[in-house]
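In case you want the letters, here they are:
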Amino acid sequence: MDFQTFQQAVAAEAASLQVEEYELYYQVEESASASAFRHELTGFSAANEGGVCLRCLVNGKMGYASTQLLTQKSAQALVRRAADNAAVLETAEPEFLVEAGQSYQAANTSHAPLPSAGVLRKTALAGQDALYAQPGVVDGSETEIFAQRVSIAIHNSRGLSLRYENTVSGAVLSAVVSDGQEDGEKTDKYKIRLGDLDKLDLSAAAQEAGDEARAALGAGVAPTGAMPVVFSSYAMALLLEAYAEVFSAENAQKGLSLLKGKEGTAIAAPLVTLVDDPFYEKSAMPMPFDGEGSPTYRKNVIEKGVLNTLLYNLRTAAAAGKETTGNAAKSSYDSKVGIQPFTLCLESGSLTQEQLLEKAQNGVLITSLGGLHAGANTISGDFSLQSAGFLIENGKKAAPVRSFTVAGNFFSLLKNILAIGCDPLPPASPSSTDFVSPSVLVEGLSIAGK
């Protein structure tokens, strides 16, 4: 049974049970991948996962139920289970459904079928050839080629009927580089590239991974002290990802974000503008509607240092007396509605990374961060993270350093950004949520090294 026939069966059962308010959310993901190691294929997988979630309002309470089976019997059972779940809820927050008839921006999506197994395998081996063509690359260097096709549909009792389909593919190239000595040092870096497999420049990605891995050989330890720090575009994007949830209205309303009550006030340096853009250029999954079916749009979360808006879904917007920002999200078809950004990006400045280093004069350039789950407290904003990068000496990138800790506070960091670069990396996530930033110069962070 296709989704349209299934929704008709749900509508008939809802009418028979006098369930007047409901929403069907359908999401299915087809995926395939191939991996290679030592010039040989090491794996191939294919999957088809997903299902349907029904939300229905019964006496003001929202009941949830889900199924992976699209049959007449499962449609009838789905409505009964959702209605029963609503009836047993002891408390209920107001819940809302999206009205039909709103305008949606067109999204640039791909309707291509998934690549064949042969194409995936061929591309995986080509990635291995590209890696081993780099100086110093040794065994341990891996390639993974992936593709996924996502189908989403939302249908509700208020006449809303939306569909979305998109195919995303790409490659992950991991380069392991040796210093050439027996039992010597090895370092590794990886690069992700998104796009049609026949158009990916695997050689360029392999070269970037190899160059960065070679540059990290012979790393020492950074000095200890408070000093200027330049976060590379990659490292700053990781930090944005770690703290994205502080911009959720749901977390703020629950007291889990220090940004509660801060809309309209300055929370960052005046040169900081943070944008959430569902249609960001080169995003793998531009989204015209959110997880509830509300239209999405580009918005300045922080504008010239001022918190312009938190991110809202229908429920949190109603609680705050505001309009939704179109940021409702479902992590899977059967999950509850939460809040997520789309492409959260720090707006670029005009300086190159070299000019940021010149402004810093002496300090540390951080190119990678680790321990983000354990070392970043999203409630207080405090962080203490394992880092690697390079010394900055007399305004120039100097010797590589690793195994040091950078400590500070995210909210203070936003206020202490001195300059912003012009070198953001393209989005690298095959999902609708990604994080993009240029390099940034921050004053006075604590570095714990030797």
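What you see is a predicted model; the values in this text were computed from it and never measured.

1. A closer look at the overall build of the chain
Within the chain, the regular secondary structure consists of 10 helices and 19 strands. Taken over C-alpha atoms, the radius of gyration comes to 24 Å for the chain, in line with the 22 Å a tight globule of 450 residues would show. The dimensions of the chain, computed from C-alpha atoms along their principal axes, are 75 × 55 × 35 Å. Looking at the chain as a whole, 51% of its 450 residues qualify as buried. A fraction of 72% describes how many contacts in the chain between residues 6 or more apart in sequence connect residues 24 or more apart. Of the roughly 20100 Å² of accessible surface on the chain, 48% is carried by carbon and sulfur atoms.

2. Some remarks on the pattern of salt bridges
All told, the structure shown has 17 salt bridges when counted by the stated rule. Asp211 serves as the salt-bridge partner of Arg214, at 2.4 Å between the closest nitrogen and oxygen. Pair noted here: Arg214 and Asp211 are both in helix α4 (residues 202–215), with a separation of three residues, about one helical turn. Judged by relative accessible area, which is 24%, Arg214 ranks as partly exposed. Residue classification places Asp211 among the partly exposed residues on the basis of a relative accessible area of 37%. Across the pair Glu250 and Lys254 runs a salt bridge whose closest N-O atoms are separated by 3.5 Å. Judged by relative accessible area, Glu250 falls into the buried class, the value being 15%.

3. Describing the side chain of Gln353
Within the secondary structure, Gln353 sits in helix α8 (residues 353–360). When near neighbours in sequence (up to four residues on either side) are disregarded, Gln353 contacts Ser232, Leu365, Asp423 and Ser439.

4. Regarding the sheet that holds strand β18 (residues 434–436)
As summarised here, the arrangement of the five strands in space is β10-β9-β8-β13-β18, forming an open sheet in which the pairing is mixed. Looking along the sheet, the strands with just one partner apiece sit at the ends: β10 (306–307) and β18. Bridge count for strand β9 (residues 299–303) against β10 is two bridges, and the pairing is antiparallel. By the bridge assignment for β10, Glu303 is matched with Val306. Against the sheet, helix α5 (residues 233–243) touches β8 (274–276), β13 (343–346) and β18, its axis set at about 135° to β18.

5. As for the nonpolar core
Within the largest apolar cluster, 54 residues are counted, with the highest numbers of intra-cluster contacts made by Phe231 and Phe247. Of the residues forming this core, the biggest block, seven residues, is contributed by α5. Contact partners of Phe231, with chain neighbours within four places excluded, come to Met236, Leu239, Ile366, Leu369, Val406, Leu413, Ser439, Val440, Val442 and Leu445.

6. So, the sheet that holds strand β3 (residues 61–67)
Spatial strand order, β3-β2-β1-β4-β5-β6: six strands in an open sheet with antiparallel pairing. The open sheet terminates on both sides in strands that have one partner only, identified here as β3 and β6 (186–194). Taking each pair of neighbouring strands and ignoring which way they run, the sheet shows an average axis angle of 20°. Of the pairings in the sheet, the one linking strand β1 (residues 21–37) to strand β4 (residues 142–156) comprises 15 bridges and is antiparallel in character. Counterpart to Leu24 in the pairing with β4 is His155. Against the sheet, helix α2 (residues 72–87) engages β1, β2 (40–58) and β3, with an angle of about 145° to β3.

7. Re helix α1 (residues 3–16)
In a regular helix each residue adds 1.5 Å, so 14 residues correspond to 20 Å; α1 covers 20 Å between its end C-alpha atoms and thus fits that length. The inward-facing, buried residues of α1 abut β1, β2, β3, α2, β4 and β5 (161–178). Positive backbone phi, approximately 60°, marks Gln18, located one or two places after α1.

8. Description of the layout of surface pockets
By volume, the second largest pocket amounts to about 500 Å³. Lining of the second largest pocket is provided by 27 residues; of these, Gln27, Lys330, Ser331, Ser432 and Thr433 occupy positions nearest its centre. At the level of secondary structure, the elements contributing two or more residues to the lining of the second largest pocket comprise β1, β4, β11 (328–329) and β12 (338–339). For the lining of the second largest pocket, a count of residues per class yields 13 nonpolar, 10 polar and four charged.

9. A word on the packing of α1 against α2
Running from N to C, α1 and α2 cross one another at 45°; their axes reach a closest spacing of 8 Å. On the basis of the axis angle, α1 is oblique to α2. Helix-helix and strand crossings are classified by hand; for α1 and α2 the assignment is right-handed. Residue-level contacts link Phe6, Ala9, Val10, Glu13 and Ala14 of α1 to Gln72, Ser74, Ala75, Gln76, Leu78, Val79 and Arg80 of α2.

10. Observations regarding unusual backbone geometry
Phi is positive for Gln18, close to 60°, though the residue is something other than glycine. The topology assignment puts Gln18 in the loop between α1 and β1. Although it is not a glycine, Lys304 adopts a positive phi angle of roughly 50°. With respect to the helices and strands, the residue Lys304 is situated in the loop between β9 and β10. Taking relative accessible area as the criterion, Lys304 reaches 62% and is therefore assigned exposed.

Conventions we followed
- Residues numbered from 1 in each chain as written.
- Predicted model: local features only at pLDDT ≥ 70, side-chain atom pairs only at ≥ 80, totals over all residues.
- Heavy atoms only, no water.
- Helix = DSSP H or I, 4+ residues; strand = E, 2+ residues; numbered from the N terminus.
- Rg over C-alpha atoms; globule rule 2.2 N^0.38 Å.
- Buried < 20%, exposed > 50% of the residue type's maximum accessible area, 1.4 Å probe, protein only.
- Contact = heavy atoms within 4.5 Å.
- Areas by Shrake-Rupley, 256 points an atom, 1.4 Å probe, with all protein chains shown as cover.
- Salt bridge = Lys/Arg side-chain N within 4 Å of Asp/Glu carboxyl O.
- Pairing = 2+ DSSP bridges.
- Axes fitted to C-alpha atoms, helices over the stretch in contact; angles between N-to-C directions.
- Core = buried A, V, L, I, M, F, W, Y, C linked by side-chain atoms within 4.5 Å.
- Expected span 1.5 Å × (residues − 1).
- 1 Å grid on protein atoms, 1.4 Å probe; cavity = no way out; pocket = protein on both sides within 12 Å on 5 of 7 lines; lining within 4 Å.
- Points joined across faces, edges and corners; volume = space filled by probe spheres on them.
- Nonpolar A, V, L, I, M, F, W, Y, C, P; charged D, E, K, R; others polar.
- Parallel < 35°, antiparallel > 145°, perpendicular 65-115°, else oblique.
- Left-handed = near helix turned anticlockwise from the far one by under 90°.

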